[in-house]
Amino acid sequence: MKLSRLPVVILIGSTSLLLACADLHHHEHEHQKNAHFIPGLGEIMAQTAVRHTKLWFAGQARNWELAAYEVDELHEGFEDAGKHHPTHKQIKQPIPELIAQHMDRPLAGLEQAIKDKNLQTFIENYNALTAACNACHQGTEFGFNVVTQPSFNPFANQAFGTGN
Ligand code: HEC
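A few points on the structure. Just so you know, these numbers come straight off a predicted model, no measurement behind them.

## Regarding unusual backbone geometry
Turning to step 1, where the next piece is worked out: If you check the backbone angles, lysine 89 has positive phi at about 45° while not being a glycine.
Turning to step 2, where the next piece is worked out: Residue placement: lysine 89 occurs in the loop between helix 3 (64–84) and helix 4 (95–116).
Turning to step 3, where the next piece is worked out: Overall, lysine 89 belongs to the exposed group, its relative accessible area being 66%.
Turning to step 4, where the next piece is worked out: Even without a glycine there, the phi angle at glutamate 141 is positive, about 65°.
Turning to step 5, where the next piece is worked out: If you trace the backbone, glutamate 141 turns up in the segment after helix 5 (119–139).
Turning to step 6, where the next piece is worked out: Residue glutamate 141 is classed as exposed on the basis of its relative accessible area of 59%.

Pasting the structure below:
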């Protein structure tokens, strides 16, 4: 390299280093923002609907381990819903209270059915859960969100059977 070009090379080198630092800082900032991201109640509900579907197909396949997992996930979603949205829009009753009122019984019933590995009581409690989802929607003026027993399994990339 000719000695006369050296300052240019150093300048370009240090500029890109500076840009890289700025970029890193930007990413750190994005990350911090994400750590504080709070999903809306509608988003939590959309996840809840996914779990509700997966729970059905796990039960149908008598995959009790997966079914128990999906019930846990439903519990966690409702905990988040109550924690992040103690009140919501025009709804008068506190959200955690509504959740306890509608969800506690059918979820406990499902847990028992799963423990007993009883498909019949699983289905009964699953239908009670679905009815309770809709009861809360109707009671909160979101009755147009109608939950049903899923008619087909949309999850092509997950195994629901236990493989035996
Ligand atoms: C607190 C009572 C309550 C319970 C219990 C409840 N929901 Fe909801 N749900 C809501 C409210 C309120 C909304 C509307 C939230 C919003 O977007 O403002 C909603 C919205 C929804 C939506 C629409 C979200 C979307 O983006 O499409 C779905 C689906 C849903 N709920 C499914 C369920 C399922 C499944 C259950 C039962 C396992 C359930 N919900 C139990 C109150 C409830």
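## Observations regarding the site of the ligand
Turning to step 1, where the next piece is worked out: Surveying the vicinity of the ligand reveals 19 residues, the closest of which are Met45, His88, Cys133, Cys136 and His137.
Turning to step 2, where the next piece is worked out: With respect to the ligand, the side chain of histidine 88 contributes an N or O atom lying 2.6 Å from an oxygen atom.
Turning to step 3, where the next piece is worked out: Here lysine 89 contributes a side-chain N or O atom positioned 2.9 Å from an oxygen atom of the ligand.
Turning to step 4, where the next piece is worked out: Secondary-structure elements contributing two or more residues to the shell around the ligand are helix 2 (41–60), helix 4 and helix 5.
Turning to step 5, where the next piece is worked out: For the shell around the ligand, the element with the most residues is helix 2, which contributes 7 residues.
Turning to step 6, where the next piece is worked out: Considered class by class, the residues forming the shell around the ligand number 12 nonpolar, 6 polar and 1 charged.

## Focus on the coordination of the iron atom of the ligand
Turning to step 1, where the next piece is worked out: The protein atoms that coordinate the iron atom of the ligand are Met45 (SD) and His137 (NE2), at distances spanning 2.0 to 2.4 Å.
Turning to step 2, where the next piece is worked out: Judged by its relative accessible area of 29%, methionine 45 is partly exposed.
Turning to step 3, where the next piece is worked out: By relative accessible area, which is 15% here, histidine 137 ends up buried.

## Description of a negative patch on the surface
Turning to step 1, where the next piece is worked out: On the surface, Asp72, Glu76, Glu79, Asp80 and Glu111 cluster together to form a negatively charged patch.
Turning to step 2, where the next piece is worked out: A per-element tally of the negative patch places helix 3 first, with 4 residues.
Turning to step 3, where the next piece is worked out: On the secondary structure map, aspartate 80 appears in helix 3.

Reading the values: rules and limits
Residues numbered from 1 in each chain as written. Predicted model: local features only at pLDDT ≥ 70, side-chain atom pairs only at ≥ 80, totals over all residues. Heavy atoms only, no water. Helix = DSSP H or I, 4+ residues; strand = E, 2+ residues; numbered from the N terminus. Buried < 20%, exposed > 50% of the residue type's maximum accessible area, 1.4 Å probe, protein only. Near = heavy atom within 4 Å. Polar contact = N/O pair within 3.5 Å; in protein donor to acceptor, adjacent residues only side chain to side chain. Nonpolar A, V, L, I, M, F, W, Y, C, P; charged D, E, K, R; others polar. Donors = N, O, S within 2.8 Å, 3.2 Å for Na, K, Ca; no water. Patch = residues over 30% accessible without salt bridge, like charges linked within 9 Å, V, L, I, M, F, W, Y side chains within 5 Å. Areas by Shrake-Rupley, 256 points an atom, 1.4 Å probe, with all protein chains shown as cover. Salt bridge = Lys/Arg side-chain N within 4 Å of Asp/Glu carboxyl O. Lys, Arg positive; Asp, Glu negative; His and termini not counted. Charge placed at Lys NZ, Arg CZ, Asp CG, Glu CD.

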